Amino acid sequence: MAEHYGTIPKKFTKAWWEYFWDYYKIHTIVIAVIIIAAAVTIYQVVTQTKYDYHITYAAGMYIDTDKLSDVIKPYVDDIDKNGEKNIEYQEMIFTENDQDAEFLAAMVTKLQLQFVSDECMLFIFDEDKAKYLFYNDSLEGAFKPVADWAETDIKDESRLYISDNVGYAVSLSDSKLLKDAGIDGTNLYVAVRNYITDEDDVLENMNTAAKIANELIK
């Protein structure tokens, strides 16, 4: 039998609203919270920035990613066809001089976790961070040899980052693209990730990384 809460006043009168609030305020609050949470989630999903390309940047100093985006966007496709080209940077800014050992460990872990997914295929890093990318057995073969993606034969080995006698990255110290944008590429290198797959979108991602890298090393 349904439980009754005394005499129910006529609907939508002052007495009815007082009655409703006395007996159903908890239910009303819970439903309101659920509706608000759902609305916020939907708004965030609808309005969040959708990125057309992802780049990993690991160095001891910040770089002007807005300027870098400006020079890279011409070589990136508008994947979501929204009329904008948005680039996301996974930035790991740290040095060996960081006193907080936990922070340093967290940054190194974050850097190496970039290889868990197939999202990022272009890496820009300084020489100090190279040891976390090339001297880790779990990351062996993670990058394409420069000879496999560079459009020109780079004979000057001083321009290459070499590991196990193979050049895997190219210096950006003389990058015209960066210099024209007012970006200091000193001590920075660019590398293209190697990912074995037959998925067209991932392969296209790698091809785009190679295209961007070739422009940056000119």
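Our structure is the block above this text.
Rules and cut-offs
Residues numbered from 1 in each chain as written. Predicted model: local features only at pLDDT ≥ 70, side-chain atom pairs only at ≥ 80, totals over all residues. Heavy atoms only, no water. Helix = DSSP H or I, 4+ residues; strand = E, 2+ residues; numbered from the N terminus. Buried < 20%, exposed > 50% of the residue type's maximum accessible area, 1.4 Å probe, protein only. Contact = heavy atoms within 4.5 Å. Areas by Shrake-Rupley, 256 points an atom, 1.4 Å probe, with all protein chains shown as cover. Pairing = 2+ DSSP bridges. Axes fitted to C-alpha atoms, helices over the stretch in contact; angles between N-to-C directions. Patch = residues over 30% accessible without salt bridge, like charges linked within 9 Å, V, L, I, M, F, W, Y side chains within 5 Å. Salt bridge = Lys/Arg side-chain N within 4 Å of Asp/Glu carboxyl O. Phe/Tyr/Trp six-rings, centres within 6.5 Å; stacked < 30°, edge-to-face > 60°. Lys NZ or Arg CZ within 6 Å of the ring centre and 35° of its normal. Arc of directions from axis to C-beta. Polar contact = N/O pair within 3.5 Å; in protein donor to acceptor, adjacent residues only side chain to side chain.

**Student:** Let's hear about the overall build of the protein: which residues, and what values?
**Tutor:** Within the protein, the secondary structure is distributed over seven helices and six strands. When the helices and strands of the protein are read in sequence order from the N terminus, they spell out α-β-α-β-α-β-α-α-β-β-α-β-α. Every one of the 218 residues in the protein was classed for burial, and the buried ones make up 37%. A fraction of 64% describes how many contacts in the protein between residues 6 or more apart in sequence connect residues 24 or more apart. Carbon together with sulfur atoms contributes 53% to the accessible area of the protein, which is approximately 13,600 Å² in total.

**Student:** Residues and numbers for the sheet that holds strand β1 (residues 53-59), please.
**Tutor:** Strand pairs in the sheet, formed through backbone hydrogen bonds, run parallel or antiparallel to each other. Strand order in the open sheet formed by six strands is β2-β1-β3-β6-β5-β4, and the pairing between neighbours is mixed. Of all the strands in the sheet, just β2 (87-93) and β4 (160-163) have a single pairing partner and so form its edges. On average, each strand axis in the sheet is tilted by 25 degrees relative to the strand beside it, whichever way the strands run. The sheet contact formed by β1 and strand β3 (residues 122-126) spans four bridges and is parallel. Looking at the pairing, I55 lines up with L122 of β3. Running at roughly 135 degrees to β2, helix α2 (residues 65-72) makes contact with β1, β2 and β3 of the sheet. Taken strand by strand, helix α7 (residues 200-216) contacts β1, β3 and β6 (188-192), and its axis lies near 150 degrees from that of β6.

**Student:** Tell me what's going on with the pairing of strand β5 (residues 166-171), and back it up with residues and numbers.
**Tutor:** Within β5, five of the six residues are buried, which leaves it mostly tucked inside the rest of the structure. Where β4 and β5 come together, four bridges link them in antiparallel fashion. Residue pairing in the sheet places Y161 in a bridge with A169 of β5. Note that β5 and β6 share two bridges and pair antiparallel. Bridged to S171 within β6 is Y189.

**Student:** Describe in detail a nonpolar patch on the surface, supporting the description with residues and values.
**Tutor:** On the surface, W21, I29 and V33 cluster together into a nonpolar patch covering about 290 Å² of accessible area. Tracing the chain through its elements places V33 in helix α1 (residues 14-47).

**Student:** How would you summarise the pattern of salt bridges if you had to cite specific residues and measurements?
**Tutor:** Within the structure shown, the criterion is met by five salt bridges. With a closest N to O distance of 2.8 Å, D153 and K155 form a salt bridge. We note that D153, like K155, is exposed. One salt bridge connects K176 with D180, and the closest N-O pair in it is separated by 2.7 Å. With a gap of four residues between them, K176 and D180 both fall in helix α6 (residues 176-180), about one helical turn apart.

**Student:** Describe the packing of aromatic side chains, naming the residues involved and giving the relevant values.
**Tutor:** Taken as a whole and assessed by the stated rule, the structure comprises eleven aromatic pairs. Seen from their ring centres, F134 and F143 are 5.1 Å apart, and the 35 degrees between their planes marks the pair as tilted. A connected cluster of aromatic rings, assembled from ring pairs, spans F115, F123, F125, F134, F143, Y161, Y168 and Y189. Between K129 and the ring centre of F94, over which it is positioned, the NZ or CZ distance is 5.0 Å.

**Student:** Can you tell me about unusual backbone geometry, naming the residues and giving the values?
**Tutor:** Excluding glycine, a negative phi dihedral is what most residues carry, and trans is how most peptide bonds are arranged. In this structure, D164 takes a positive phi of about 55 degrees despite not being glycine. On the basis of relative accessible area, D164 is assigned to the exposed category, the value being 69%.

**Student:** Summarise α2; cite the residues concerned and give the values.
**Tutor:** Within α2, burial applies to T65, L68, S69, V71 and I72. On an axial view of α2, the arc spanned by its buried residues comes to 165 degrees, and they lie on one face. Pointing more than 90 degrees away from the buried face of α2 are the exposed residues D66 and D70. On its buried face, α2 sits against β1, β2, β3, α6 and α7. Measuring from the backbone nitrogen of D66 back to the side-chain oxygen at the start of α2 gives 3.1 Å, which picks out D64 as the cap.

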